Amino acid sequence: MPRKFMFTREEVLAAALDLAREQGITAVTARGLGEKLGSSSKPIFSLFENMEDVLSAVMEAADELYQNYLKEDMAIGKYPPYKASGMAYIRFAKEEKELFRLLFMRDRSHESIEDKEENKPLIELIQQNLGISEEDAYLFHLEMWIYVHGMATMLATSYLELDEEFISRVLTDGYEGMKARYIGGKSI
């Protein structure tokens, strides 16, 4: 009779995600995961091919959690959808510092922003809201994202502690300033 596994793949992944949340991705090792599970590392490798497989699954789980932040904040309706996406990004950085670092503060030089399908709905939203071309909407989004990422990084690294009201005001100021430039043709 085949031996029963002590843990499911989902349980091992949950433990790995918790380790990444608590101590960062470098803590997600076979030994660290075994300790977290109260076991040896052997059960891990009966469910995952290798540690690279575990780390890849952690990355996917972290991204899924981030996508849930986006969906939730955009669905609530507290802010207009485009602003809600920025607020969700910043909230994720503030509440999930290590996962934010994992997803958005790692070497991404091998990735291309143009390949990201997830940006298309936001770019289309900007086009609709401002009546500008796809190219201008892309540049608008890129500039806003740089702005939002700066605030998110300051929160993720505990450099600043900002409340939601202040963050909302700053995002509105940035958006309105860029809107005036893109629609009114004003240069700064």
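The structure this text deals with has already been given above.
Procedures and definitions
- Residues numbered from 1 in each chain as written.
- Predicted model: local features only at pLDDT ≥ 70, side-chain atom pairs only at ≥ 80, totals over all residues.
- Heavy atoms only, no water.
- Helix = DSSP H or I, 4+ residues; strand = E, 2+ residues; numbered from the N terminus.
- Buried < 20%, exposed > 50% of the residue type's maximum accessible area, 1.4 Å probe, protein only.
- Areas by Shrake-Rupley, 256 points an atom, 1.4 Å probe, with all protein chains shown as cover.
- Lys, Arg positive; Asp, Glu negative; His and termini not counted.
- Charge placed at Lys NZ, Arg CZ, Asp CG, Glu CD.
- Core = buried A, V, L, I, M, F, W, Y, C linked by side-chain atoms within 4.5 Å.
- Contact = heavy atoms within 4.5 Å.
- Phe/Tyr/Trp six-rings, centres within 6.5 Å; stacked < 30°, edge-to-face > 60°.
- Salt bridge = Lys/Arg side-chain N within 4 Å of Asp/Glu carboxyl O.
- Axes fitted to C-alpha atoms, helices over the stretch in contact; angles between N-to-C directions.
- Parallel < 35°, antiparallel > 145°, perpendicular 65-115°, else oblique.
- Nonpolar A, V, L, I, M, F, W, Y, C, P; charged D, E, K, R; others polar.
- Arc of directions from axis to C-beta.

A. Spatial organisation of the overall build of the protein. Regarding its fold elements, the protein presents 9 helices and 0 strands. Secondary structure of the protein in N-to-C order comes out as α-α-α-α-α-α-α-α-α. If one aligns the C-alpha atoms of the protein with their principal axes, the spans along those axes are about 75 × 30 × 30 Å. Within the protein, the proportion of its 188 residues that are buried is 39%. In the structure as shown, the protein presents an accessible area of about 11,300 Å², 53% of it carried by carbon and sulfur atoms. Distance from the positive charge centre (22 side chains) to the negative charge centre (33 side chains) of the protein: 4 Å.

B. Broad picture of the nonpolar core. Residues Leu33, Val54, Phe92 and Phe140 are the most contacted members of the largest nonpolar core, which totals 60 residues. Of the residues forming this core, the biggest block, 10 residues, is contributed by helix 4 (residues 51–76). Beyond its immediate chain neighbours, meaning those up to four positions away, Phe92 contacts Ala62, Leu65, Tyr66, Tyr69, Lys97, Leu99, Phe100, Leu103 and Phe104.

C. Structural context of the packing of aromatic side chains. Overall, the coordinates contain 11 aromatic pairs when judged by the stated rule. Ring geometry for Tyr66 versus Phe104: centroids 5.0 Å apart, planes at 75°, classification edge-to-face. Taken together, the residues Tyr66 in helix 4 and Phe104 in helix 6 (residues 97–104) connect sequence positions 38 residues apart. Aromatic side chains Phe100 and Phe104 sit 5.2 Å apart centroid to centroid with 45° between the ring planes, which places their arrangement in the tilted category. Of this pair, Phe100 and Phe104 both sit in helix 6, 4 residues apart, which is roughly one turn of that helix. Neither residue differs from the other here; Phe100 and Phe104 are each classed as buried. Here the aromatic residues Tyr66, Tyr69, Tyr89, Phe92, Phe100 and Phe104 are joined through ring pairs into a cluster of three or more.

D. Here's a closer look at the pattern of salt bridges. Summed over all chains, the structure comprises 12 salt bridges. The shortest N-O distance in the salt bridge between Arg21 and Asp18 comes to 3.8 Å. Residue Arg21 and its partner Asp18 are both found in helix 1 (residues 9–23); the two are separated by 3 residues, about one turn of the helix. We classify Asp18 as partly exposed; its relative accessible area is 29%. Between Arg181 and Glu143 there is a salt bridge, and its shortest N-O distance comes to 2.9 Å. Separated by 38 residues along the polypeptide, Arg181 in helix 9 (residues 164–184) and Glu143 in helix 8 (residues 134–156) bring together distant segments of the chain.

E. Geometry of the packing of helix 5 (residues 81–95) against helix 7 (residues 120–130). Orientation of helix 5 relative to helix 7, taken along the N-to-C sense of each, is 140°, at an axis distance of 9 Å. Between helix 5 and helix 7, the angle is such that the two are oblique. Contacts from Pro81, Tyr82 and Ser85 of helix 5 reach helix 7 at Leu122, Leu125 and Ile126. Along the lines of polarity and charge, the residues of the contact of helix 5 with helix 7 split into 5 nonpolar, 1 polar and no charged.

F. Broad picture of helix 7. Within the span of helix 7, buried status applies to Leu122, Ile123, Leu125, Ile126 and Leu130. Taken end-on, helix 7 shows its buried residues confined to a sector of 155°, consistent with a single buried face. Seen from the buried face of helix 7, the exposed residues on the opposite side, beyond 90 degrees, are Pro121 and Gln128. Summarising the contacts, the buried residues of helix 7 are in contact with helix 4, helix 5, helix 8 and helix 9. Just downstream of helix 7, Gly131 is the residue with a positive phi angle, here 65°.

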